[in-house]
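Inside the fold
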Amino acid sequence: RREMGEAMDLGAEDEQRVRGSRLRFYLGEMKPLVLNLSAPTTLFFVSYCADSYMEPYHRDVSEYKNGPNINLPHKASIVSDSLLVWLSFVLPLLVVCAVCLSRKGYAELARAITALVEALAMSTLLTTVGKKACGSLRPCFLSYCQWDGTKCLA
């Protein structure tokens, strides 16, 4: 009986060793992904700070002289927020996952996801800074703010 117990303990130790090596393997595979996502995370943070603290460029309404470029009627959103997230992130992520897993493997998948997130972060940052630095009035400005000629009434 004692010999069987010792043999069972050795089996448990071997099983623990195998589990530990698998865990180290998976963590080793994920480490580059976590490290590579630090740059896009920083870009998203800078974009958030730019959106929160950067003062937008102000244009005088008289520059437009009630032209047709700010006199369009106000419409509800054409593209919903959920559709925007699907088209800009979820759908590309699914395509990247399908292609990488069918052809390349997990290492290539990690690089592809990192590249996708970096592209989204960079486009968010550039869009935010561009809107704040050189933005103009919306095409539906006059109907949106109910302009009376001197000030917004809404």
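Our structure is the block above this text.
Here's what I pulled together on the structure shown here. (Residues numbered from 1 in each chain as written. Predicted model: local features only at pLDDT ≥ 70, side-chain atom pairs only at ≥ 80, totals over all residues. Heavy atoms only, no water.)

1. Describing the overall build of the protein
In terms of helices and strands, the protein carries five helices and zero strands. The buried share of the protein, reckoned over its 154 residues, is 19%. Expressed as a percentage of contacts within the protein between residues at least 6 apart in sequence, the contacts between residues at least 24 apart total 74%. Roughly 12100 Å² of accessible area belongs to the protein as shown, and the carbon and sulfur atoms make up 62% of that amount. (Helix = DSSP H or I, 4+ residues; strand = E, 2+ residues; numbered from the N terminus. Buried < 20%, exposed > 50% of the residue type's maximum accessible area, 1.4 Å probe, protein only. Contact = heavy atoms within 4.5 Å. Areas by Shrake-Rupley, 256 points an atom, 1.4 Å probe, with all protein chains shown as cover.)

2. Points about the pattern of salt bridges
Inspection of the entire model under this criterion finds two salt bridges. The closest approach of N and O atoms between Lys 132 and Asp 51, which form a salt bridge, is 3.8 Å. Highlighted residues: Lys 132 in helix H4 (residues 106-134) and Asp 51 in helix H2 (residues 38-53), separated in sequence by 81 residues. One salt bridge in this structure joins Arg 111 and Glu 108, with 2.7 Å as the shortest N-O distance. With Arg 111 and Glu 108 both in helix H4, this residue pair falls three residues apart, about one helical turn. (Salt bridge = Lys/Arg side-chain N within 4 Å of Asp/Glu carboxyl O.)

3. Focus on the packing of H2 against H4
Relative orientation of the contacting elements H2 and H4 amounts to 15°, with a least axis distance of 9 Å. As summarised for this structure, H2 and H4 are arranged roughly parallel, according to the angle between their axes. For the crossing formed where H2 meets H4, the hand is left-handed. Residues Pro 40, Leu 43, Phe 44, Val 46, Ser 47, Ala 50 and Asp 51 of H2 pack against Val 117, Glu 118, Leu 120, Ala 121, Met 122, Thr 124, Leu 125, Thr 128, Val 129 and Lys 132 of H4. (Axes fitted to C-alpha atoms, helices over the stretch in contact; angles between N-to-C directions. Parallel < 35°, antiparallel > 145°, perpendicular 65-115°, else oblique. Left-handed = near helix turned anticlockwise from the far one by under 90°.)

4. Some details on the nonpolar core
Counting residues in hydrophobic clusters, the biggest one holds seven residues: Val 61, Tyr 64, Ile 70, Leu 137, Phe 141, Leu 142 and Cys 145. Ranked by size, the runner-up nonpolar core spans six residues in total, among them Val 96, Cys 100, Ala 112 and Val 117. (Core = buried A, V, L, I, M, F, W, Y, C linked by side-chain atoms within 4.5 Å.)

5. Side note on the state of the cysteines
What the rule picks out here adds up to zero disulfides. Of the cysteine sulfurs around Cys 97, a residue in no disulfide, the closest is that of Cys 100, at 7.4 Å. Not engaged in a disulfide, the cysteine Cys 140 finds its nearest cysteine sulfur in Cys 145; these two sulfurs lie 9.7 Å apart. (Disulfide = S-S within 2.5 Å.)

6. A look at the environment of Glu 55
Following the sequence through the fold, Glu 55 ends up in the loop between H2 and helix H3 (81-104). Judged by its relative accessible area of 58%, Glu 55 is exposed. Between the C-alpha atom of Glu 55 and that of Ala 133, which follows or precedes it by 78 residues, the distance is 8.2 Å.

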